[in-house]
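The chain contents come next:
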Amino acid sequence: MAFLSAVKLQGRPPSISSSLNPNPKPVGSDSVSLDVSIPDSERKPRKFSSKLSRWNRARTLRSGVKVDRTVNNESNSTTGPIVNMNFPDISTVESDVSSINRDHETDFTAAKSIYIVSDGTGWTAEHAVNAALGQFDYCLVDRGCPVNTHLFSGIEDRETLMEIIKQAAIEGAMVMYTLADPSMAEAAMRACKLWSISSLDILGPITDAISSHLGANPSGLSRGVSNSSLNEDYFKRIEAIEFTIKHDDGALPENLEKADIVLVGVSRTGKTPLSTYLAQKGYKVSNVPIVNGVDLPRTLFEVDSRKVFGLMINPVVLQGIREARAKSLGLGSGFEIKYSELRSVREELELAKRIFAENPSWPVIEVTERAIEETAAVVLRLYDERQSNRAMPRISKCY
C-alpha cells in the first residue's frame, strides 16, 4: 500500500517477545500463560508540519517512517490476564481486558495497527488488506490517519498465535488472518472475541463456500505443507522466466512459435516489464519491437494469431518516457532528437497502427497510464478467451 508504514515480521516477532514478562509461566498442552508488561516510556505521536502539502505528507508516509501511538501509563506495569486455550468464561476475560483499557489510554489519532497473521507466506492476506486499504487513501493522506501493517508469517503453533493476539489486544490492533487449520482459525476467532479485538478470517468464508459447492471437506493444511515449493508449477515458472529473458526485445525470432504470448509494440510501451510479470505467472513470453526502417520478423506473421497482442500508448506520454530514458542513459543530443522528438514518436505509432490494422486478429491494448498488473490482467483475460474459444471479443478493438 502506497501510504502505509509497513512492518513485516516472521515467526515470533522481537517486538512481542520484548513486551512479554521475562519469566513467563511454563506452557502446558492446554493453556498458554502470557504476562504482559507495558513499557514505562511514553511515546509521542508524530506531528506533521502545517507547511507540508498533501503530497509531501503522502511521501512521508510512503517512506516507511513508523508513526507511533501514544500510550499513557498510570502505573509502571500491568500484568495481563491468562489466555487459556480451553477459553474460560468470557466474563472473566472481559474483566481483565477492561482493566488494561482503564490503565492505558490510547491516542487513536495516531497510527493504527493491523496485524496480518498467516500459517504460510501471508501473501494472500497481505494483498487482500492492501487492496481494501486502497479504498481509504483519502483518509490516509488528507486526514492524517496513517496505518501500520504487521505481517506475521509461518505461524503454525498456538503459543505464538496467542502471543500475537495478546499483543494486538494491548495495542488495540485489528487482526486479519489466513489459517488453513480449522482448529487454529477457531482459536484465533475465539481469542479475538474474548479480548474484544476487531478481527476477520479472510480464508475461512471462501473455503467454506467452496466446500459447500464441491461437497467436499478441505484438507486443513497450509499451502506450504500441502504443496511442495519445488513442484511442477515452480519449475514451469522458472522455465518461463528463462525463456522470456532469452527472447526479450526481438531476440531469437525463430522461436516465436514456442512462446505462449507474443507482445508487439514500439519502444517504451512496457513490453519487457510486462513480459517479465507474465513469465512469473508461468507464461513463456516473447516481445517484438516496432522500429521505423526495420522489418518485422517473418515468423511473427506465421505464429498462431491467438497468442499475439499489440500495445499502444499516447504519443505525448511516450515522448516524455523516451526523454527521461535518453537522459538516464546519457545519450547524445542527436539521438535524443530522433528518439524522443514528438514527430518521430507519432510516425512510429502510426506505423504500429498500420501493422495492427493489417493484422486485425491481434487485439490492441492501450497501456497509457495503466499499471503493468492491469495490462497483464487484460492480456490474460483475452488469452484465456482466445485459447478456449469462448465468446470472442470484437476483433481489432483497442482494450
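Provided above is the structure to which this section pertains.
What comes next concerns the included structure. These numbers were taken from a predicted model, which means no experiment stands behind them.

## What about the overall build of the protein chain?
Along the backbone of the protein chain there are 15 helices and 11 strands. Counting all 399 residues of the protein chain, 41% fall into the buried class. The contacts of the protein chain with a sequence gap of at least 6 include a subset with a gap of at least 24, amounting to 79%. When the accessible surface of the protein chain is summed, it comes to about 21,700 Å², and 51% of that surface belongs to carbon and sulfur atoms.

## Focus: the pairing of strand β5 (residues 147-153)
Of all 7 residues in β5, 7 are buried; the element is thus mostly enclosed. Pairing of strand β4 (residues 112-118) with β5, which is carried by 6 bridges, proceeds in the parallel orientation. Across the sheet, the residue bridging to Val 117 is Phe 152, located in β5.

## Observations concerning a nonpolar patch on the surface
Together, Ile 206, Ile 210 and Leu 214 line one region of the surface with nonpolar side chains, adding up to about 310 Å² of accessible area. By the element assignment, Ile 206 lies in helix α8 (residues 204-214).

## Topic: the nonpolar core
One finds Ile 261, Ile 290 and Leu 300 to be the most contacted residues of the largest nonpolar core, which totals 38 residues. Mapped by element, the contributors of at least two residues to this core are β8 (261-266), α11 (271-279), β9 (285-290), β10 (308-312), α14 (342-358), β11 (364-366) and α15 (372-387). Leu 300 has contacts with Leu 256, Val 262, Val 264, Val 288, Val 308 and Trp 362, leaving out every residue within four places of it along the chain. Among the nonpolar cores identified, the runner-up in size contains 22 residues, and Ala 168, Ala 185, Ala 187 and Ala 188 belong to it.

## Side note on the sheet that holds β8
The strand order β9-β8-β10-β11 describes an open sheet built from 4 strands, whose pairing is parallel. Edge positions in the sheet fall to β9 and β11, since each of these pairs with one other strand and no more. Going across the sheet, the axis of each strand differs from the next one's by a mean of 25 degrees, ignoring polarity. Across 3 bridges, the pairing between β8 and β10 is parallel.

## Some thoughts on the packing of aromatic side chains
In total, this model carries 5 aromatic pairs according to the counting rule given. Taking the centre distance of 5.3 Å and the plane angle of 80 degrees together, the rings of Tyr 234 and Phe 235 count as edge-to-face. A relative accessible area of 28% places Tyr 234 in the partly exposed class. Here Phe 301 and Trp 362 contribute two aromatic rings whose centre-to-centre distance is 5.9 Å and whose plane-to-plane angle is 20 degrees, an arrangement assigned as stacked. Linking Phe 301 in the loop between β9 and β10 with Trp 362 in the loop between α14 and β11, this pair joins segments that are 61 residues apart in sequence.

## Concerning the pattern of salt bridges
Where charged atoms from two side chains of opposite charge come close, those side chains can pair. Considering all chains together, one arrives at 8 salt bridges under this definition. Its salt-bridge partner being Glu 302, residue Arg 298 comes within 2.5 Å of it at the nearest N-O pair. We classify Arg 298 as exposed; its relative accessible area is 60%. Ionic pairing is found between Glu 341 and Arg 343, a salt bridge with its closest N-O pair at 3.8 Å. Assessed through its relative accessible area of 30%, Glu 341 is described here as partly exposed. Since its relative accessible area comes to 55%, Arg 343 is described here as exposed. Each of Glu 341, Arg 343 and Glu 347 takes part in salt bridges that share partners, so that together they form one network.

## Examining α15
Here α15 contains 16 residues, and its C-alpha end-to-end distance of 22 Å stays within 8% of the 22 Å for a straight helix at 1.5 Å per residue. Every buried residue of α15 is accounted for by Thr 375, Ala 376, Val 378, Val 379, Leu 380, Leu 382, Tyr 383, Glu 385 and Arg 386. On its buried side, α15 packs onto β8, α11, β10 and β11.

## Observations concerning the packing of helix α6 (residues 158-171) against helix α7 (residues 182-194)
Relative placement of two packed helices is described by the angle separating their axes and the distance separating the axes. At a closest axis distance of 10 Å, the pairing of α6 and α7 adopts a crossing angle of 25 degrees. As judged from the angle between their axes, α6 and α7 are roughly parallel. Relative to α7, the crossing made by α6 is right-handed. Taking contact as the criterion, the partners of Arg 158, Leu 161, Met 162 and Ile 165 in α6 are, on α7, Ser 183, Met 184, Ala 187, Ala 188, Ala 191 and Cys 192. Each residue belonging to the contact of α6 with α7 can be placed in one class, and the counts come to 8 nonpolar, 1 polar and 1 charged.

Rules of the game
Residues numbered from 1 in each chain as written. Predicted model: local features only at pLDDT ≥ 70, side-chain atom pairs only at ≥ 80, totals over all residues. Heavy atoms only, no water. Helix = DSSP H or I, 4+ residues; strand = E, 2+ residues; numbered from the N terminus. Buried < 20%, exposed > 50% of the residue type's maximum accessible area, 1.4 Å probe, protein only. Contact = heavy atoms within 4.5 Å. Areas by Shrake-Rupley, 256 points an atom, 1.4 Å probe, with all protein chains shown as cover. Pairing = 2+ DSSP bridges. Patch = residues over 30% accessible without salt bridge, like charges linked within 9 Å, V, L, I, M, F, W, Y side chains within 5 Å. Salt bridge = Lys/Arg side-chain N within 4 Å of Asp/Glu carboxyl O. Core = buried A, V, L, I, M, F, W, Y, C linked by side-chain atoms within 4.5 Å. Axes fitted to C-alpha atoms, helices over the stretch in contact; angles between N-to-C directions. Phe/Tyr/Trp six-rings, centres within 6.5 Å; stacked < 30°, edge-to-face > 60°. Expected span 1.5 Å × (residues − 1). Parallel < 35°, antiparallel > 145°, perpendicular 65-115°, else oblique. Left-handed = near helix turned anticlockwise from the far one by under 90°. Nonpolar A, V, L, I, M, F, W, Y, C, P; charged D, E, K, R; others polar.

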